[in-house]
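# Results of the structural survey
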Amino acid sequence: MRFLLQRVAFYLFTAWAAITLNFFIPRMVPGDPVQSLISRNQGRISADAIASLRVLFGLDSDRSLWEQYVAYWGQLLRGDLGLSFTFFPAPVSEVIGSSLPWTVGLVGVTTIVSFLLGTALGVGAGWRRGSWIDGLLPATTFLSSIPYFWLGLVAIALFAGPGSFFPSSGGYEPGLVPAFDAYFIPSALQHSILPAATILVSSMSGWILSMRNMMVTVASEDYITVAHAKGLSERRVALSYAARNALLPNVSGFALSLGFIVGGTLLVEIVFSYPGLGFQLFQAVGSKDYPLMQGIFLIITISVLVANLLADVAYLLLDPRTRKS
Amino acid sequence: MTLSPSSIEQVIPGQGAMAQPSARARRRRFRFVANGKAATGLAVLGVYVLLAVIGPWIAPYDPDARSADVLQAPSARHWFGTTHLGQDIFSQILVGARSVMVVGLTAGVLATILSILIGVTAGYLGGAADEGLSAVSNVFLVIPALPLIIIVTSLVDQASDTLVALIIGLTSWAWGARVLRAQTLSLRRRDYVEAARATGERTWRIIGFEILPNLTAIIASGFVGTVIFAVMSEITLAFIGVSSVSSWNWGTILFWAQGQQALAQGAWWWFVPAGLAIALLGTALALINFGIDEFVSPRLRTGGRTRIRTADGRTVAMRVGFTPVLAPNPAPVPMRRPADPTREDATS
């Protein structure tokens, strides 16, 4: 229990740090982005919205930094992330809310699948060192050295095109209304195959390699020799003795590298114009939509923190030693 | 605030091959290169560095110069084909190599210095300083780096290479710091460090001359890892059009290819060379890292021929940590007399 509380405290601290970082980022923007927005949308912005944006950008010069910080927190706690410039006058929270499920569906599912598959292959490669799986390692290294987005481009060039089963962009057939029905679900699945395969191919090798190395290290432990000496079956020794112990560092590695993985996979969305957070971030960057960028960064960070916490719970379940104290 | 152990800390053994300061070790210093993976990686990296230096001089065309050969497939005149403006893609790649290498290496050096300062300090000092520094590096580790880099860079109009390298370096030191801290923690109480302390060596000398040399392998692998990340980040930034699109690097080429719908036009030569150049560089760096890992921890080496013939003509595969047990031979074995207890005892 103490372990979990420590972790929760750490994540709260990280969330605070991320939010504070988010508070300072727009204060480095040169010029007055709000003024340019107001002049672009003559008379269509309410006074409230302007005030909210000014708090967001720290443009109310008559208030001290500390008062601005408090006002910013107040706004955040009310769920007010400001107005998006690109999708004006939609609030940022609404824009993010519409794209979040897509990212969770694509990035979340593929990340977990790639971890499980990669770990399983790594168990095999580490246990049977020198077998054909070892020969795959250089190939997977090469695949993981390719930027995700480039692999996506190649996948589009090879598999998508006029008349192909795989669509090259979008999250669903244009003209369909997002709903859980017999038309929308198959279309959404069909659109997600190529991006998902891209992410899988390039993210899996890291897991294979780290699991292989842990298996090799664990295989020379005394308890493995004892298990062999007891005459347990090869399979039992490999899975219940070696893999189980080798898995622990891999799980904590998974938690730590989530931030990196999520950053990379967001790019796949850009290439496939997949309607998730990554594509949204791309559009926001293109049109200098600072409130949307900040909001997306905040949501991504918090999702990564939550995923980290879940990985910690998994670690707790796998390792009895953390439960003892 | 302690984090759960990572694979690297457990994979790297206490000292292993790195701590034998003798004349013998000096002569064996270049054994690292004898590792096939490391040698391949270093050779490829050397070619890239060479291209970064001489690339802009040997480029056959000016990468910006337009010509009448619009969107042509690779030919003898244009090895990698041309863009929609008739620019030579081979020249763009040669010129772009410099920017990629400069940003990658600058960011790598910056992040490595930061990680040494923070990681070794935290590990050596311990106590409150350790808690604080570890918390900071864990925060940087958990916050998704790429979105942060994208947002910070997009605040600046047309960010230059130097600025991009700075931003990447300042955000990507945390992993190295974490690993270095863990290893410093374990070195700190070793006998030779205690001995140095007992003879009255100054703290900076202990850190600089007793501890740092034993961290070389970890520092090197951290540096290589950061360079990979920095190159990928720089190319990503250029690809999504955040950093300056007027100076050439491989991401810029992909940016224009994507913007001009190179895929829809079937112009595969526009994006394939840049992507392969990136992948090859990434593979070379990863191979160097494997080489370092295997140099430090010989167990990780991919097993070569490990089959051994036994006296009775059978073959056994030797594996680390395994004691081969030969199953009873199917051929009839000469039976021992069961009614001879003394012999039975002697053989068991």
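From a predicted model like this one, the values you see are computed outputs, not experimental measurements.

For the rest of this paragraph, the subject is the overall build of chain B. Looking only at helices and strands, one finds 15 helices and two strands in chain B. In chain B, which comprises 348 residues, the proportion classed as buried is 45%. In chain B, once contacts between residues fewer than 6 apart in sequence are set aside, the share between residues at least 24 apart is 68%. Accessible surface, chain B as shown: approximately 17000 Å² in total, 64% of it carbon and sulfur.

Another aspect to go through is the interface of chain B and chain A. Taken together, the contact pairs 60 residues of chain B with 64 residues of chain A. Both faces considered, chain B and chain A share a buried interface measuring about 5700 Å² in area, 75% of it formed by carbon and sulfur atoms. Run the count over chain B and chain A and you get zero salt bridges. Viewed at the interface, chain A and chain B are joined by one residue pair in polar contact (both at pLDDT 80 or more). Broken down by secondary-structure element, the contributors of at least two residues to the side of chain B that touches chain A are α1 (7–11), α6 (127–142), α7 (145–155), α9 (174–188), α12 (216–239), α13 (250–259) and α14 (268–296) of chain B.

A word on unusual backbone geometry. Working note: non-glycine residues mostly have negative phi, and peptide bonds are mostly trans. Unusually for a residue other than glycine, Ser273(A) sits at a positive phi of about 45°. Relative to the elements of secondary structure, Ser273(A) occurs in the loop between α10 (234–271) and α11 (277–286).

All names here are of chain B. Summed over the entire model, instances satisfying the criterion amount to six salt bridges over all chains. Between Arg189 and Glu194 there is a salt bridge whose closest N-O contact spans 2.9 Å. For Glu194, a relative accessible area of 30% corresponds to the partly exposed category.

Our next topic: the packing of helix α9 (residues 222–229) of chain A against α10(A). Residue and element names in this part refer to chain A. Contact geometry of α9 with α10 gives a least axis separation of 10 Å together with a crossing angle of 160°. Taken as axis vectors, α9 and α10 run roughly antiparallel relative to one another. When you trace α9 past α10, the crossing you get is right-handed. Residues Tyr223, Ile224, Ala227 and His228 of α9 form the contact with α10, whose participating residues are Glu234, Val237, Tyr241, Ala242 and Asn245.

All names here are of chain B. Looking at chain B as a whole, its pLDDT mean stands at 78, while 78% of the residues score no less than 70. In the model of chain B, α1 stands out as the element of lowest mean pLDDT, 40, in contrast to helix α5 (residues 89–125), which has the highest, 91. Within the model, pLDDT remains below 50 along residues 1–22, and this stretch shows 53 contacts once partners closer than five positions in the same chain are excluded. Here residues 333–348 is a poorly scored stretch, pLDDT under 50, and it has three contacts once near neighbours within four places are set aside; other chains count. Reported confidences for the modelled complex are a pTM of 0.79 and an ipTM of 0.80.

Further remarks concern the nonpolar core. Phe149(A), Phe272(A), Ile150(B), Ile168(B), Trp250(B), Leu254(B) and Leu281(B) are the most contacted members of the largest nonpolar core, which totals 127 residues. Apart from residues lying up to four places away in sequence, Phe149(A) is in contact with Leu267(A), Val271(A), Ile235(B), Thr236(B), Phe239(B) and Leu254(B). Within the second largest apolar cluster, 14 residues are counted, among which are Val123(A), Met211(A), Met214(A) and Val237(A).

With that settled, the discussion passes to the environment of Ile156(A). If you trace the backbone, Ile156(A) turns up in helix α7 (residues 148–159). Looking at Ile156(A), the relative accessible area reads 10%, which means it is buried. Residues in contact with Ile156(A), not counting those within four places in the same chain, are Ser168(A), Val271(A), Phe272(A) and Leu263(B).

What counts, and where the lines are drawn
- Residues numbered from 1 in each chain as written.
- Chains lettered and ligands numbered in written order.
- Predicted model: local features only at pLDDT ≥ 70, side-chain atom pairs only at ≥ 80, totals over all residues.
- Heavy atoms only, no water.
- Helix = DSSP H or I, 4+ residues; strand = E, 2+ residues; numbered from the N terminus.
- Buried < 20%, exposed > 50% of the residue type's maximum accessible area, 1.4 Å probe, protein only.
- Contact = heavy atoms within 4.5 Å.
- Areas by Shrake-Rupley, 256 points an atom, 1.4 Å probe, with all protein chains shown as cover.
- Buried area = accessible area lost by both parts, 1.4 Å probe.
- Salt bridge = Lys/Arg side-chain N within 4 Å of Asp/Glu carboxyl O.
- Polar contact = N/O pair within 3.5 Å; in protein donor to acceptor, adjacent residues only side chain to side chain.
- Axes fitted to C-alpha atoms, helices over the stretch in contact; angles between N-to-C directions.
- Parallel < 35°, antiparallel > 145°, perpendicular 65-115°, else oblique.
- Left-handed = near helix turned anticlockwise from the far one by under 90°.
- pLDDT = per-residue confidence, 0-100.
- Core = buried A, V, L, I, M, F, W, Y, C linked by side-chain atoms within 4.5 Å.

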